[in-house]
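A look at the structure
The chain contents come next:
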Amino acid sequence: DAGVTQSPTHLIKTRGQQVTLRCSPKSGHDTVSWYQQALGQGPQFIFQYYEEEERQRGNFPDRFSGHQFPNYSSELNVNALLLGDSALYLCASSLWDPTNEKLFFGSGTQLSVL
Amino acid sequence: AQTVTQSQPEMSVQEAETVTLSCTYDTSESNYYLFWYKQPPSRQMILVIRQEAYKQQNATENRFSVNFQKAAKSFSLKISDSQLGDTAMYFCAFMNGNAGNMLTFGGGTRLMVKP
């Protein structure tokens, strides 16, 4: 049973560019959340997708957008990259069922903005 | 909004000894969950232990146990018989039980287990 998979593992971009990160949830999961983890800090919630719609959003600008596909996989898009967007981006999958609070994380995509 | 605070940026412990990591949180919610996650160099967040706020009994998972003090809003993690493989970043996290599976993390504690 594959867990949460993220691609690519590492990415280098320059300021002003756009980037797309990808996530495949754990088998059977229907909800995908994205987190940004800056160096030396705890992860911060970006947004969550269920049934191909954004359900919750953290305090991130509109440059951060996402998408969920019918197979539950998800993409995170960041436009007009800033140096401060350099971070580890973690994807977590879960069930939408409110009685099930367990999240499973991928190993992340390390984004460096030069 | 909820906040989670981990006041110990770094800790070290000798192999086979016991160590306690501290975490405090602030919330006005009554239905919530608390978690400890481990993040080794592989970067993947691994769930160590979870606690439902409505349960008075402290959670335990093998060598890992918590001291959940609801009134004090404190949630510490005790690691017994520390092993070299326990070396990692540890994050305390909060989830509002009424707001979907969204986690609020603390800043983390780097734990080094010394041989």
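Described in the following lines is the structure provided in the data block. (Residues numbered from 1 in each chain as written. Chains lettered and ligands numbered in written order. Predicted model: local features only at pLDDT ≥ 70, side-chain atom pairs only at ≥ 80, totals over all residues. Heavy atoms only, no water.)

So, on to the interface of chain B and chain A. With 19 residues of chain B in contact, the opposing surface of chain A contributes 25 residues. With both chains or domains summed, chain B and chain A bury close to 1800 Å², and 49% of this area falls on carbon and sulfur atoms. Contact with chain A buries area across many residues of chain B, yet B:Arg43, B:Asn101 and B:Met102 alone supply 37% of it, more than any other trio. Between chain B and chain A we count zero salt bridges in total. Between chain B and chain A we count eight residue pairs in polar contact (both at pLDDT 80 or more) in total. Those elements giving two or more residues to the side of chain B that touches chain A turn out to be strand E5 (32-39), strand E10 (88-96) and strand E11 (103-105) of chain B. Among the elements that line the side of chain B that touches chain A, the one with the most residues is E5(B), at four residues. Here the residues of the side of chain B that touches chain A sort into ten nonpolar, seven polar and two charged. (Contact = heavy atoms within 4.5 Å. Buried area = accessible area lost by both parts, 1.4 Å probe. Salt bridge = Lys/Arg side-chain N within 4 Å of Asp/Glu carboxyl O. Polar contact = N/O pair within 3.5 Å; in protein donor to acceptor, adjacent residues only side chain to side chain. Helix = DSSP H or I, 4+ residues; strand = E, 2+ residues; numbered from the N terminus. Nonpolar A, V, L, I, M, F, W, Y, C, P; charged D, E, K, R; others polar.)

Quick look at the sheet that holds strand E7 (residues 64-68) of chain A now. Residues and elements named next belong to chain A. Read from one edge to the other, the open sheet built from four strands follows the order E1-E3-E8-E7, with strand pairing classed as antiparallel. Looking at the sheet topology across the chains shown, the edges are occupied by strand E1 (5-7) and E7. Strand after strand, the sheet turns through a mean of 20° between neighbouring axes, direction not considered. Taken together, the five bridges between strand E3 (residues 19-24) and strand E8 (residues 74-78) define a ladder with antiparallel strand orientation. The residue of E8 that forms the bridge with threonine 20 is asparagine 77. (Pairing = 2+ DSSP bridges. Axes fitted to C-alpha atoms, helices over the stretch in contact; angles between N-to-C directions.)

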